[in-house]
Amino acid sequence: MPEILSLKRLSAGGAAIGQMADGRIAFVDYGCPGDVAEVTIDKEKPRFVQGHISHLIEASPLRRAPRCPVFGWEGCGGCQWQHLSLDAARAAKRDEVVDAATRIGGLKDAEALTGAVIGTDADFGYRNKIELEARLHKGRLELGFHRAGSGELVSPDACPLFCAPQKNLLKAVSGALRYALGSTTDFGLSRVALRSSVRTGAFEVACITEPGPFPRARVVRTLKAACPQASSIVRILQKTPVRGAGRRAAAPQFKGVEVLAGAGYWEEELGGFNYKISAPTFFQVNTAAAELLVAHVLAAVAVDGSDRACDLYCGAGTFSLPLAAGAGALVAVESSGPALRDLRRNLSGAGLCAEVIGGDVGRDTGGIAPADALVTDPPRAGLSEAARTEILRLAPARLVYVSCDPATLARDLKALTAAGYTLRALQPVDLFPQTAHVECVATLTR
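Residues numbered from 1 in each chain as written. Predicted model: local features only at pLDDT ≥ 70, side-chain atom pairs only at ≥ 80, totals over all residues. Heavy atoms only, no water.

1. Quick notes on the overall build of the chain
Our working rule: Helical segments are the DSSP runs of H or I of at least four residues, strand segments are the runs of E of at least two, and each set is numbered from the N terminus. Using C-alpha atoms as the atom set, the radius of gyration is obtained and then compared with a globule rule of 2.2 Å times the number of residues to the power 0.38. The buried label applies to any residue whose accessible area, calculated with a 1.4 Å probe on protein chains only, is under 20% of its type's maximum; exposed applies above 50%, and partly exposed to all values in between. With residues, only the protein chains shown are counted as cover, and all accessible areas are computed by Shrake-Rupley using a 1.4 Å probe. Charge counting follows a simple rule: Lys and Arg are positive, Asp and Glu are negative, and His as well as the terminal groups are ignored. Charge positions are represented by NZ for Lys, CZ for Arg, CG for Asp and CD for Glu.
Helices and strands together make up the secondary structure of the chain, namely nine helices and 22 strands. The C-alpha radius of gyration of the chain comes to 23 Å, within 12% of the 22 Å expected for a compact globule of 446 residues. Once the C-alpha set of the chain is aligned to its principal axes, its extents read approximately 60 × 60 × 45 Å. Buried positions account for 51% of the 446 residues belonging to the chain. A total accessible area of about 19,600 Å² is found for the chain, and carbon and sulfur atoms account for 52% of it. Taking the average location of the 50 positive side-chain charges in the chain and that of its 46 negative ones, the two points are 5 Å from each other.

2. Let's talk about the sheet that holds strand S13 (residues 253-262)
Our working rule: The criterion for strand pairing is that DSSP finds at least two bridges linking the strands in question.
A sheet is described by the order of its strands in space; here seven strands give the open sequence S9-S8-S7-S10-S11-S12-S13, paired in mixed fashion. Strand pairing shows two members of the sheet lacking a second neighbour, strand S9 (153-154) and S13, which therefore form its edges. Here seven bridges tie strand S10 (residues 189-196) to strand S11 (residues 203-209), and the two strands are oriented antiparallel to one another. Across the sheet, the residue bridging to Val-192 is Cys-207, located in S11.

3. Brief notes about unusual backbone geometry
Notably, Ala-302 is not glycine yet its phi reads approximately 50 degrees, a positive angle. For Ala-302, the position within the fold is in the loop between helix H5 (287-301) and strand S16 (308-312). One non-glycine residue, Tyr-313, adopts positive backbone phi at about 60 degrees. Along the polypeptide, Tyr-313 turns up in the loop between S16 and helix H6 (320-326). Judged by its relative accessible area of 22%, Tyr-313 falls in the partly exposed class.

4. Observations regarding the sheet that holds strand S21 (residues 422-429)
By way of backbone hydrogen bonds, the strands of a sheet pair with one another, either parallel or antiparallel. The line we're drawing: Every axis corresponds to a line fitted to the C-alpha atoms, with the helix fit spanning only the stretch in contact, and the corresponding angles, defined between N-to-C directions, vary from 0 to 180 degrees.
Taking strand neighbours across the sheet as the criterion, the seven strands line up as S18-S17-S16-S19-S20-S22-S21 in an open arrangement whose pairing is mixed. Looking at which strands have only one partner, the edges of the open sheet turn out to be strand S18 (355-358) and S21. Each neighbouring strand pair of the sheet contributes to a mean axis angle of 15 degrees, computed without reference to strand direction. In this sheet, strand S22 (residues 439-445) lies alongside strand S20 (residues 398-403) in antiparallel orientation, the contact comprising six bridges.

5. As for helix H3 (residues 169-181)
Let me state the cut-off plainly: To estimate the expected span of a helix, count its residues, drop one, and scale the result by 1.5 Å. For this analysis, residues touch if any pair of their heavy atoms sits within 4.5 Å.
Taking 1.5 Å of rise per residue, 13 residues should cover 18 Å, and H3 covers 18 Å from first to last C-alpha, within 8% of that figure. Looking only at H3, the buried set comprises Leu-169, Leu-170, Ala-172, Val-173, Ser-174, Ala-176, Leu-177, Ala-180 and Leu-181. Tucked inside the fold, the buried residues of H3 contact strand S7 (129-137), strand S8 (140-146), S10, S11 and helix H4 (216-226). Positive backbone phi, approximately 85 degrees, marks Gly-182, located one or two places after H3.

6. Here we look at the pattern of salt bridges
Which entries qualify depends on this criterion: We count a salt bridge whenever a side-chain nitrogen from Lys or Arg sits within 4 Å of a carboxyl oxygen from Asp or Glu.
Inspection of the entire model under this criterion finds 24 salt bridges. Residue Glu-131 is joined to Lys-129 by a salt bridge in which the shortest nitrogen-to-oxygen separation is 3.5 Å. A residue is classified by how much of its surface remains accessible, and Glu-131, at 33% relative accessible area, is partly exposed. Classification of Lys-129 as buried rests on a relative accessible area of 15%. Taking the shortest distance from any N to any O, the salt bridge between Glu-131 and Arg-191 comes out at 2.8 Å. Taken together, the residues Glu-131 in strand S7 and Arg-191 in strand S10 connect sequence positions 60 residues apart. Taken together, the salt bridges that share partners define one network made up of Asp-22, Arg-24 and Glu-44.

That is the geometry; function is a separate question.
What follows is the structure, encoded as structure tokens:
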């Protein structure tokens, strides 16, 4: 039976929060602070419940009409906040950063140190990359996004967040691959990644498959016909391990990339630099907002021509290129093979030099000399204990930590401040409008 709830605020995961009659906290998907709604409970726990709105009784003044026709419960699960005004969403993201820094990090002055969220005015059409999951259902290839509240797929013709080079691109790609791969044979296709640049005009289609037979020529021919703008068509080979009984599935094993047609890489311009990015390599999906991020990081780390700088978890060089241009010397560390190759190519293309180290921070970095300035942009899990120890050994006077998870950032800030660093500022950046995700830059000094 639905519960009538008044929703008060937003959680870190994107759900709105209310309280049940029995006192339990309710996390309500696609709710908005200020809503009064009938809520269907989907999952119950002793201390909380999870649910979704089945009928909106009184709409919050913070609501707006979502732009995507498949947004919402049982629709595409990629966005959480299309129904929320941009100002309200950014205020919630700042609150998440402050809450994590205070509650997890034990930082009593987090409120005063945290700036207002910065971002661009473009809250739609900002993504340069999307990934579609591929499934064979009753002999028919389906491409789409995960449906909210289930493991099924939803297959829209277009995504309003993606800067697609043509209308109904998703429909065109799906139709082309369905024709090329046939209706009964599975060629091990698991995902399709699309990358598009407004600035360079580059557009890449990457088919992610297991090693084995693949109709390369037919795929290229049909994709070129459906997407004549494609500047690169590649195949990423990944071996998906068999899930063990009662065990979490291991990550797919990267086996290589086949260039099927075109350049074999995607090209983007950011902050005055040109980046060539291979299909397996991570790159910020919001180019315009990433420029704000890079500018803030550079201002915070404040390198000059005499500084020795380090860029840890550097990827393809988003921060490395401007750091190499401004510092006296740069050491860049990355563990991903494809990203390392892209980094070296991007440095060379820009006429810049850096000492590039392939390996893990804390395990393969013992030979690096102490640094004056250091930028670290670890994955969502944050810094390992070995990485934190290595940063303390490098003892940079200025330390800038870029994070995509306020909780792990707060945990690491607690350790770094306990070891002698002082937090000077927290700057949230809205790299992912329409979602609950927030990037944050922490500036520390020794």
